[in-house]
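# Secondary and tertiary structure notes
Listed below, chain by chain, are the residues.
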Amino acid sequence: MTVAVILIIVIAIVGLAALVAAVKIVRPYQRGLVERLGKYKTTKDPGLTLIVPFVETMQLIDMREQVVDVPPQEVITADNVVVSVDAVVYYEATDPQRLVYNVADFFTAITKLAQTNLRNLIGDLELDKALTSRDTINTQLREVLDDATDKWGVRVVRVEIQRIDPPPEVVSAMHAQMRAERDRRATVTEARGYQEAAIARADGEKQSAVLAAEGRREAAILDAEGDAQAIELRAKADKLRLTMLGEGEGLGTKARLTGIKEAGADQKVLTVEYLQALEKIGDGRATKLVIPAEFSALLGTVAAITEAVRSDDSPDEVRPKGGLPIPDEQERVDLPASGNVSVGGSG
C-alpha cells in the first residue's frame, strides 16, 4: 500500500469523524447550548443541528421537570422540640444559559438552600402547629426557593414536606394526649347522645300526653253532644207520641160518645160512657187531656143519677161494703138519728 492510499484513508476517516461531530440532534425536551472556542454562541431548539467540528461544542440541557430529594435534618421547633424533617423539591429549567453559567453545582446548591430555609420555617413554629401546617410550610418554602433560584434560570414548581418525625418520648406523649382527647370526645358525644335521647323521649311523651288529652276531651265532647242530641230526640219523640196518643184517645172517646148520643141513648148511658172515657184519659200515660164541653152538664147528670139511686133504695137496707158478709139480725146495731152523727170530726 502506497503512501497516497494511506493518506486518502486517513483523510476519509478524519472527514467522517468531522461529519459525525458536526451533526447534532436535539430532542424535543432538550435545548442545545453551543459554544465556539469556549465562548457562548447560541442556544439551539429541538431538531437537526450542524456545528463546526473541533471549533464549536454543544451541551444538551434537559428542560423537563426534575426532582431533588432534600436529606433529613434535625430542626428545633419554637417549643424546643427536636424533630427530623425531610422534603422534596420539584423544579424545571427556564433558561439553559443561566442554568449552566450562573451556578456550578445546581443540585448541591438547591439542596442546601432548601435545608436552610426549611430549618428557619420550622424553627418559627411550635410542634403542634408544624405538624398541622404542612401546606403553609410547603407554600412558603416554594416561594423562597423560587425567588432564590430565579437567577439560575430555574423555576421551583412545588415543595413537599415528606416527614416531620418527633422524638420517641414526644410521640408517646402525643399518643397519650390523643387517646385522652378521643376518650373525652367519646364521653362528650355519648353524654350528648343521652341528653338528646332523653329530650326526644320527653318531647315524645309530652306530645303523646297532649294528644291523648285532646283525644279524650274531643271524645267526651262528642259523647256529650251525642247524648244531648239523643236525649233531645227521645224527648221529642216521647212528647210527640204521648201528644198523639192523648189526642187520639180524646178524639176517639168523643167520637164514641157522640155516636152513642146520636143513637138515642138516655142521659144515664151517656154519663157512664163519659165517666169511662175520663178514666181512660186520666190513666197517667197522656200529658194532654181533652175534656168535652159537656163536662158541666155531665156533673149535673151524675148528681141526678146518684139521687135517683138513693131514692130507690130503702133506708133500712143493709149494704155490705167491700164484699163483706151481711151481718145477722142479732149482730146489727141501731144507729142514732142522722142529725146527731158527726163523721170525721166536729159537725
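Here the residue numbering is sequential within each chain, running from 1 through the sequence in written order. Local features in this predicted model are restricted to residues of pLDDT 70 or higher, and side-chain atom pairs are both shown and tallied only at a pLDDT of 80 or more, whereas totals for entire chains, interfaces and linings draw on every residue. Hydrogens are left out, water is left out, and the side-chain values use all remaining heavy atoms of the structure.

### A word on the confidence of the model for the protein
Looking at the protein, pLDDT values average 79 and 73% of them are 70 or higher. Confidence of the prediction at every residue is given by pLDDT, a number between 0 and 100. Secondary structure is summarised from DSSP: a helix means a run of H or I of at least four residues, a strand means a run of E of at least two, and numbering begins at the N terminus for each. Taken element by element, the predicted model of the protein shows its lowest mean pLDDT in helix α8 (residues 295-312) (55) and its highest in strand β7 (residues 82-93) (92). The criterion used for residue contact is that any of the two residues' heavy atoms lie within 4.5 Å. Counting interchain partners and residues more than four positions distant, the pLDDT-below-50 stretch residues 311-318 has 5 contacts. Within the model, pLDDT remains below 50 along residues 337-347, and this stretch shows 2 contacts once partners closer than five positions in the same chain are excluded.

### Looking at the pattern of salt bridges
Close approach of charged atoms allows side chains of opposite charge to pair. For this document, the term salt bridge refers to a Lys or Arg side-chain nitrogen within 4 Å of an Asp or Glu carboxyl oxygen. Applying the stated criterion across every chain yields a total of 11 salt bridges. With its nearest N and O atoms 3.5 Å apart, the salt bridge here joins Glu65 to Arg158. Of the two residues, Glu65 is situated in the loop between β5 (56-62) and β6 (66-76) and Arg158 in strand β8 (residues 154-165); the sequence distance between them amounts to 93 residues. Burial classes follow relative accessibility: with a 1.4 Å probe on protein chains only, a residue under 20% of its type's maximum area counts as buried, one over 50% as exposed, and anything between as partly exposed. A relative accessible area of 35% means that Arg158 is categorised as partly exposed. Among the salt bridges present, the one from Arg98 reaches Asp95, with a minimum N-O distance of 3.0 Å. On the basis of relative accessibility, which here comes to 22%, the residue Asp95 falls in the partly exposed class. When salt bridges with common partners are traced through the structure, they connect Arg36, Lys41 and Glu56 into a single cluster.

### Structural notes on the nonpolar core
To form a nonpolar core, buried Ala, Val, Leu, Ile, Met, Phe, Trp, Tyr and Cys residues must be joined to one another through side-chain atoms within 4.5 Å. In this structure, Val83, Val89, Phe106, Leu118 and Ile122 are the most contacted members of the largest nonpolar core, which totals 32 residues. Contact partners of Ile122, with chain neighbours within four places excluded, come to Val75, Ile76, Thr77, Ala78, Val83, Ala130, Ile137 and Ile164.

### Notes on the sheet that holds strand β2 (residues 30-36)
A pair of strands is considered paired only if DSSP assigns at least 2 bridges between the two. Strands sit in the order β3-β2-β5 across an open sheet of 3 strands; the sheet is antiparallel. Because the sheet does not close on itself, it has two edges, and the strands there are β3 (39-44) and β5. Averaged over neighbouring strand pairs, the angle between their axes works out to 25 degrees when direction is ignored. Sheet topology note: the β2/β5 ladder contains 7 bridges and is antiparallel. Bridged to Gln30 within β5 is Asp62. Axis lines are fitted through C-alpha atoms, for helices just across the contact stretch, and the angle between N-to-C directions can take any value from 0 to 180 degrees.

### Here's the deal with a nonpolar patch on the surface
Each patch is built from salt-bridge-free residues with over 30% relative accessible area, joining like charges within 9 Å and nonpolar side chains (Val, Leu, Ile, Met, Phe, Trp, Tyr) within 5 Å. Accessibility throughout is a Shrake-Rupley quantity obtained with a 1.4 Å probe, and a residue counts as covered only by protein chains that appear here. On the surface, a nonpolar cluster with roughly 730 Å² of combined accessible area is contributed by Leu16, Leu19, Val20, Val23, Ile25, Leu48 and Leu50. Of all elements in the fold, only α1 (3-22), β1 (23-26) and β4 (47-50) reach the threshold of two or more residues within the nonpolar patch. If one sorts the elements of the nonpolar patch by residue count, α1 sits on top with 3 residues. Secondary-structure assignment places Leu50 in strand β4.

### Some thoughts on the environment of Gly47
Relative to the elements of secondary structure, Gly47 occurs in strand β4. On the accessibility criterion, Gly47 (27% relative accessible area) is partly exposed. Sequence separation of Gly47 and Pro28 is 19 residues, and the distance between their C-alpha atoms is 7.4 Å.

### Here we look at the sheet that holds β8
Across the sheet, 3 strands lie side by side as β6-β7-β8; this open sheet has antiparallel pairing. Only two strands of the sheet have a single neighbouring strand rather than two, namely β6 and β8. Across the sheet, the mean angle from the axis of one strand to that of its neighbour is 20 degrees, orientation sign disregarded. Direction of pairing for β7 relative to β8: antiparallel, over a ladder of 10 bridges. Within β8, the position partnered with Tyr91 by the bridge is Val156. The strands touched by helix α3 (residues 106-123) are β6, β7 and β8; relative to β6, the strand with the most contacts, the crossing angle is about 40 degrees. Sitting on the sheet, helix α5 (residues 134-148) is in contact with β7 and β8, with an inclination near 145 degrees to β8.

### Brief notes about the pairing of β3
By the bridge criterion, 5 bridges tie β2 to β3 in an arrangement that is antiparallel. Residue Leu33 lies in a different strand from β3, and its bridge partner there is Thr43. Between β2 and β3, which pair antiparallel one after the other, the connecting turn spans 2 residues, and Leu37 there sits at a positive phi close to 50 degrees.

### So, the environment of Asp150
Positionally, Asp150 belongs in the loop between α5 and β8. On the basis of relative accessible area, Asp150 is assigned to the partly exposed category, the value being 45%. Along the sequence, Asp150 and Arg98 sit 52 residues apart, while their C-alpha atoms lie 9.3 Å from each other.

### Re the packing of aromatic side chains
Classification of ring pairs rests on two measures: the distance between centres of Phe, Tyr or Trp rings, Trp counted by its six-membered ring, which must be within 6.5 Å, and the angle between planes, read as stacked under 30 degrees, edge-to-face over 60 and tilted in between. Throughout the structure, instances matching the rule amount to 5 aromatic pairs. Plain terms: the ring middles of Tyr40 and Tyr101 are 6.1 Å apart, the flat faces sit at 75 degrees to each other, and that makes the pair edge-to-face. Linking Tyr40 in strand β3 with Tyr101 in helix α2 (residues 96-101), this pair joins segments that are 61 residues apart in sequence. Residue Tyr40 is classed as partly exposed on the basis of its relative accessible area, which comes to 29%. Here Tyr101 falls in the partly exposed class, since its relative accessible area comes to 37%. Taken together, a centroid distance of 4.6 Å and an interplanar angle of 55 degrees make the contact between Tyr91 and Phe106 tilted. Here the residue Tyr91 occupies a position in strand β7, and Phe106 occupies one in helix α3, the gap between them amounting to 15 residues. Taking the relative accessible area as the measure of exposure, Tyr91 reaches 5% and is therefore buried. For Phe106, a relative accessible area of 7% translates into the label buried. Three or more aromatic residues joined by ring pairs form one cluster here, namely Tyr91, Phe106, Phe107 and Trp152. For a Lys NZ or an Arg CZ to count as sitting over a ring, it must be within 6 Å of the ring centre and within 35 degrees of the ring normal. In this arrangement the basic side chain of Arg64 is found over the ring face of Tyr29, its NZ or CZ atom lying 3.9 Å from the centre. One cation-aromatic arrangement involves Arg158 over Tyr90; the distance from NZ or CZ to the ring centre is 4.2 Å.

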